[in-house]
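Coordinates in review
Next come the chains, spelled out residue by residue.
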Amino acid sequence: MKGITDSGRRSRDWLRLQGLAVRPWLRAAVVLGLLQSLSIIAQMGLIAWIVHAVLIEKVAHVSLLWPGVGLVLAMVVRALTQAAQERCGQHASARVRQQAREQLALHWAALGPVRLADRSSATLTNQWVEQVEALDGYYARYVPQQWLALLAPLLILPLVFWLDWLAALLLLFAAPLIPLFMALVGMSAEKVSQQHVLEAGRLAGHFLDRVRSLTSLQLFGQVGAATVSVQDAAERYRAVTMRTLRIAFLSSAVLEFFASVAIALVAMYIGFGLLGFIQFGPSAQLSLFSGLFILLLAPEFFQPLRSLAQSYHDRAAALGAADIMAALQLESVDHESDSSPAASADAKIIEARDLVLEFPGRGRVLNGISLEIARGQVVALTGHSGSGKSSLLHCLAGFVQPNAGSLSVFGQLPGRQSIAWLGQRPFLIQGSWADNLRLCAPRADAAAMLRAVSAVGLGPLLAEQPQGLETQLGEGGRGLSGGQAQRLALARVWLADVELILLDEPTASLDEQSELEVIDALRSLVSSGKTLVIATHHSALMALADRRVELAQGRLVNV
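Overview of the structure. Just so it is clear, the structure is predicted and the values come from calculations on it, not from any experiment. (Residues numbered from 1 in each chain as written. Predicted model: local features only at pLDDT ≥ 70, side-chain atom pairs only at ≥ 80, totals over all residues. Heavy atoms only, no water.)

**Structural notes on the packing of helix α2 (residues 23-55) against helix α5 (residues 136-163)**
In a packed pair of helices, the relevant descriptors are the angle between the two axes and the axis-to-axis distance. How we decide: All axes are obtained by fitting lines to C-alpha atoms, using only the stretch in contact for helices, and the reported angles, taken between N-to-C directions, cover 0 to 180 degrees. Only DSSP runs of H or I reaching four residues or more are called helices, and only runs of E reaching two or more are called strands; each is numbered from the N terminus. Should the near helix be turned anticlockwise from the far one by less than a right angle, the crossing is left-handed, and should it be turned clockwise, the crossing is right-handed. Whether two residues are in contact is decided by their heavy atoms: any pair within 4.5 Å suffices. Residues are grouped as follows: nonpolar covers Ala, Val, Leu, Ile, Met, Phe, Trp, Tyr, Cys and Pro; charged covers Asp, Glu, Lys and Arg; every other residue, Gly included, is treated as polar.
As a packed pair, α2 and α5 sit with axes 9 Å apart at the nearest point and diverge in direction by 35°. For the element pair α2 and α5, the recorded crossing hand is right-handed. When α2 is examined against α5, the residues Leu-26, Ala-29, Val-30, Gly-33, Leu-34, Ser-37, Leu-38 and Ile-41 are found in contact with a partner set consisting of Tyr-139, Val-143, Pro-144, Trp-147, Leu-148, Leu-151, Ala-152, Leu-155, Ile-156 and Leu-159. The residue makeup of the contact of α2 with α5, split by class, is 16 nonpolar, 2 polar and no charged.

What follows is the structure, encoded as structure tokens:
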């Protein structure tokens, strides 16, 4: 029970903090809503006066011109204030959603691609789209409406007291029942909405995983079982969705019931009072004007509460999404404090001091690493698989934040400056050679691209292509061999205007001939004067380095 309470408090605190930036727009929406209520009061008063004047006072129609003009003006003001109120609410909602997405982007950047690798892209997409969009109704409708549900009836109630205090008491006694039942319904609505958000992410991830594995499922004859598992996940999501909708409809039905009963009681009192069947209290002073005015105001007295009930589901959905977003915010690491530059940060060196990196379930993968790499140096990181070579590269790239120690890359925090990265499998898109080369150098011209291609030994191959740099490649570099694809990625690195180049086993997945081709291409990159850090256990790549650094079980054993 305590966990649920803490979760709810955390969600509400997160929503409140997000609303601070748009507080002026939310206040403007509330003010416009109050102006709309005043225009409604004026409209209903003029209608009641005109009907009374025509039926009871027998006023000439010419005398009704100015009241008619006032009635039209009140209706125009009501429409304009309603449109302006909705616009203010939508602007506040859009700003909060943009702010939430900025926080998500910062959170993902802080985690880095390594820690994000174990998370389903469908779950991340659900956070970016569905959970952020769940905040829309809360700020656009619910937050302004919760104030209007309190303030708008307070504008109407004194007027009804002035006209007939007994009718006002009927409204006053019925009004508290509505928020009471809203609170009771809301206790279960919040929990169900949180479950709804979680099930949506699980279903998206489950379906995407099955689609990605469709070939393997067909090969092993598991398509039927995968289909059943997707159906089960969809059924769980359907059940949660229906529970959420039942609660939403229940809350609206409860409010409509009590509002309708209260309005019916007021209508019966006024009707019997005008007919003379009730002689209690102020009923003897009722007139057609006062009775009709009260009857017209009674639905408007409950309308803000009805609108609040209609948007109450928006609150439950926002609380469910906020719980996830707040948990993500707590998970984010403060890289300013956890990974501060070394005290002697030098713009000419890469410096690590007592670097520690841990992963859940794996323990420490780097333990007390202290290292200096001079600008322009070529360093080979060696060691057995699992020794921490790739993890150290990830720290240098800024993909992950160390748990302890300090690290500076030419006087800056890792990730604050552009680097070039080349792993075992080059990232090539479906498009032309030029499209792939411009991924890291968008402004590169044809001459620069031809020089880069020649530098990595792909000049003869490009010369054989009928369309030159505009020759199309398939996704992942289809149309090129493994070595050719790796060298094309190296040409992209050559084009990039960066000081630091990180290579993680760049020849590990290649055959002997392709490996020799890539090593020849790397020799030209080494001669460029840039700083290279290469994680490898191949002796040919080690021979390219000025210096060899060996790791074992996350520790330096040879520097």
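**Focus: helix α6 (residues 165-174)**
The condition is simple: Think of it in three bands: with a 1.4 Å probe and only protein chains considered, a residue is buried below 20% of the maximum accessible area for its type, exposed above 50%, and partly exposed in between. Within 3.5 Å is the distance limit for a polar contact, defined as a pair of N or O atoms, with the added protein rule that one can donate a hydrogen and the other accept it, and that residues adjacent in sequence qualify only through two side-chain atoms.
The complete set of buried residues in α6 reads Leu-166, Ala-167, Ala-168, Leu-171 and Ala-174. Sitting at the amino-terminal end of α6 is Asp-164, which places a side-chain oxygen 3.1 Å from the backbone nitrogen of Leu-166.

**Section: the side chain of Asn-436**
Within the secondary structure layout, Asn-436 lies in helix α14 (residues 433-437). Given a relative accessible area of 1%, Asn-436 falls into the buried group. Ignoring sequence-local partners within four residues, the contact set of Asn-436 consists of Leu-428, Ile-429, Gly-431, Leu-473 and Arg-492.

**Description of the layout of surface pockets**
Quick reminder of the rule: In this analysis the probe radius is 1.4 Å and the grid spacing 1 Å, with only protein atoms considered; a cavity is a set of points the probe fits into but cannot get out of, a pocket is an open set with protein on both sides within 12 Å along at least five of seven lines, and lining residues have an atom within 4 Å of a point. Grid points are joined across faces, edges and corners, and a volume is the space filled by probe spheres set on the points.
In this structure, the largest pocket encloses a volume near 570 Å³. Around the largest pocket, the lining comprises 24 residues; the ones closest to its centre are Gln-36, Gln-82, Gln-85, Gln-145 and Ser-307. When contributions to the lining of the largest pocket are tallied by element, the ones reaching two or more residues are α2, α3 (65-116), α5 and α10 (288-310). Considering each element in turn, the lining of the largest pocket owes the most residues, 7 residues, to α5.

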